[in-house]
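Chain by chain, the residues:
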Amino acid sequence: MNSYSDERKSLDARDVDVAATLEPVSLSDEQARSLRRKIDWHIMPFMCIMYLYGPSPKIKEMTFMDKTTLGEAAVLGILEDANLSANQYDWLGTIFYFSYLVFQYPQNLALQRFPVGKWMSINIFLWSVILCCHAACKSFGALFAVRFLLGICEGAITPGFLIVTSMFYTREEQTLRVGYWFLMNGFAVIILGFISFGVLHTHTPNFMPWQWLMIITGTITLVTAIFFWLFFPDSPTSAWFLSTEERAQAVQRIRSNQTGVENKHFKYPQFVEAIKDRRTWLLAFIAGAANVVNSLTNQRQLIVAQFGFNNIQTTLLGCVDGVVEILTIWLGVKLASSKYIGRAYAAALMYIPAILGCILVSLLPFSNKVGLLFSYWICIFAIAPFTIFLGWVAAITSGHTKRITTNAIVLCAYATGNAVSQFMWQARYQPRNHIPWAIITTTNFCSALGLLLLRHILAVDNAKRESEGKDLEEESVYVVRLQDGREVNVDRTLLDLTDKENRQFRYVL
């Protein structure tokens with residue numbers, strides 16, 4: 001036995017993972033599968049529903065539905081009712097992402113400091129109230145204000161979901177789980193399309209169809225926020241649906257992640273490491289480039305209408321967008337979960353038809369509206385790579401402060417890509433929009449290259465770590481003194497180490 005084996009290293013409870021106080025337990029493969037099914041049944045429905053009606057311009061079913069109400073409202077009378085110019089409409093899409101960007105890191109800090117589920121549910125509740133307030137807005141200034149507030153609330157949801165996913169699932173399971181709640185965006189498009197079709201035929205004095213749309217989606221979100229507060233867990237160490245033994249088993253199940261569960265204390269050295277890590281900024285570049293195509297969220301109704309379809313046809317055709325999105329995201333995460341393909345290659349493959357679709361939209365004769373419509377639908381393949389990417393970010397970052405910092409930077413880049421891209425849809429480019437489609441084609445290509453470069457960097461780092469051999473310090477005994485005076489032994493997987501500090505950490509590809 002080496003000399004490290006008998007060395008006892010004393011640590012403060014603030015330095016280690018919250019799960020460090022749980023005693024290690026045995027866990028058979030059958031128990032692990034049973035526990036995963038139980039977690040799925042109690043977490044995934046909430047995450048999927050939240051991504052439908054909760055806060056997000058394109059990242060949740062509820063969230064996505066609420067966010068895309070602006071796009072649907074464009075054909076339900078909001079432009080005329082609020083006297084909006086094309087430039088003002090673009091600003092309403094941009095300001096959402098601007099406030100999202102500004103408040104992204106404060107939201108991530110709050111997610112570290114407070115119970116994750118409770119903090120998200122508070123933001124969802126505020127989101128629902130603000131969304132309903134849209135119905136009272138009849139000017140650009142009023143709509144600008146409520147869209148700004150929506151962006152603040154949105155900042156808690158996606159990083160919160162990524163944190164929860166990494167708490168409860170192994171790295172091999174995370175890509176599929178992120179894909180499952182992300183593909184609910186597609187269901188949101190379908191449901192919102194039918195709601196829009198219904199309110200389009202609603203005729204009430206002094207209350208426009210777009211106002212009904214805001215009230216309906218806001219009310220659904222409010223109900224969801226209440227259930228989310230009551231039943232969504234904050235952590236596997238406190239999940240109401242798990243027994244004491246199952247909580248310990250849930251932590252045991254994810255030990256192979258080498259990322260622990262969470263640490264509620266901000267660690268400045270981890271913050272600095274995240275800022276200096278070149279991978280962080282490559283991740284940010286990929287996120288920004290991958291989300292330029294997301295400008296279609298608010299523009300799709302106007303684009304399809306310019307192909308030559310009327311308002312009712314445009315609204316119903318939007319349901320097909322949802323079906324395509326569901327199928328492409330499902331295919332993408334399935335490919336990414338294959339050990340023979342992996343995340344980067346799967347994402348790059350999904351970009352191929354997306355780039356082809358963008359080129360066809362620009363080159364096909366404008367009289368061929370069916371061909372243009374199908375080319376537009378092929379462009380939706382570009383949504384799948386970002387879904388794969390989100391799950392990958394959570395799986396390759398360790399250390400809770402580093403993780404929330406990396407998430408914040410990545411999602412700030414996500415917001416930047418979304419905000420800036422709104423302004424390329426200018427009236428002077430209509431109806432062909434050659435410039436916007438050329439920009440989307442280019443950024444899709446750059447995102448694909450970035451993903452392949454990231455895979456190369458991680459593979460090289462893994463090879464270097466393998467050549468270093470086993471870290472002898474891994475066998476040291478770490479002792480944590482709790483507030484009640486008790487001392488517990490903790491292994492390195494629960495020391496809240498970053499992926500750079502823990503040389504036994506391996507990046508998934």
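Cut-offs and rules
Residues numbered from 1 in each chain as written. Predicted model: local features only at pLDDT ≥ 70, side-chain atom pairs only at ≥ 80, totals over all residues. Heavy atoms only, no water. Helix = DSSP H or I, 4+ residues; strand = E, 2+ residues; numbered from the N terminus. Expected span 1.5 Å × (residues − 1). Buried < 20%, exposed > 50% of the residue type's maximum accessible area, 1.4 Å probe, protein only. 1 Å grid on protein atoms, 1.4 Å probe; cavity = no way out; pocket = protein on both sides within 12 Å on 5 of 7 lines; lining within 4 Å. Points joined across faces, edges and corners; volume = space filled by probe spheres on them. Nonpolar A, V, L, I, M, F, W, Y, C, P; charged D, E, K, R; others polar. pLDDT = per-residue confidence, 0-100. Contact = heavy atoms within 4.5 Å. Phe/Tyr/Trp six-rings, centres within 6.5 Å; stacked < 30°, edge-to-face > 60°. Lys NZ or Arg CZ within 6 Å of the ring centre and 35° of its normal.

(A) Focus on helix 7 (residues 140–154). With 15 residues, helix 7 should reach 21 Å at 1.5 Å per residue; the first-to-last C-alpha distance of 21 Å fits that figure. Of the positions making up helix 7, those classed as buried are Leu143, Val146, Arg147, Leu150, Gly151, Ile152, Cys153 and Glu154.

(B) Highlighting the layout of surface pockets. Space inside the second largest pocket adds up to approximately 200 Å³. Lining of the second largest pocket is provided by 13 residues; of these, Ala336, Ser337, Ser338, Lys339 and Arg343 occupy positions nearest its centre. At the level of elements, helix 9 (171–182) and helix 17 (342–363) are the ones that each hand at least two residues to the lining of the second largest pocket. Residue classes in the lining of the second largest pocket are distributed as four nonpolar, four polar and five charged.

(C) Structural detail: the confidence of the model for the protein. Taken residue by residue, the protein gives an average pLDDT of 82. The fraction at 70 or more is 83%. Taken element by element, the protein is modelled with least confidence in helix 2 (residues 61–73), mean pLDDT 45, and with most confidence in helix 14 (residues 278–290), mean pLDDT 95. Scored below 50 in pLDDT, residues 54–69 makes 118 contacts in the model with residues more than four places away or belonging to other chains.

(D) Examining the packing of aromatic side chains more closely. The tally for this structure, following the rule as stated, stands at 27 aromatic pairs. Relative to Tyr414, the ring of Tyr97 lies with its centre 5.9 Å away and its plane at 75°, an arrangement referred to as edge-to-face. Here the residue Tyr97 occupies a position in helix 4 (residues 86–102), and Tyr414 occupies one in helix 20 (residues 400–421), the gap between them amounting to 317 residues. Taking 5.2 Å as the distance between ring centres and 70° as the angle between the ring planes, the aromatic pair formed by Phe505 and Tyr507 counts as edge-to-face. Across from the ring centre of Phe505, 4.7 Å away, lies the NZ or CZ of Arg171, which sits over that ring.

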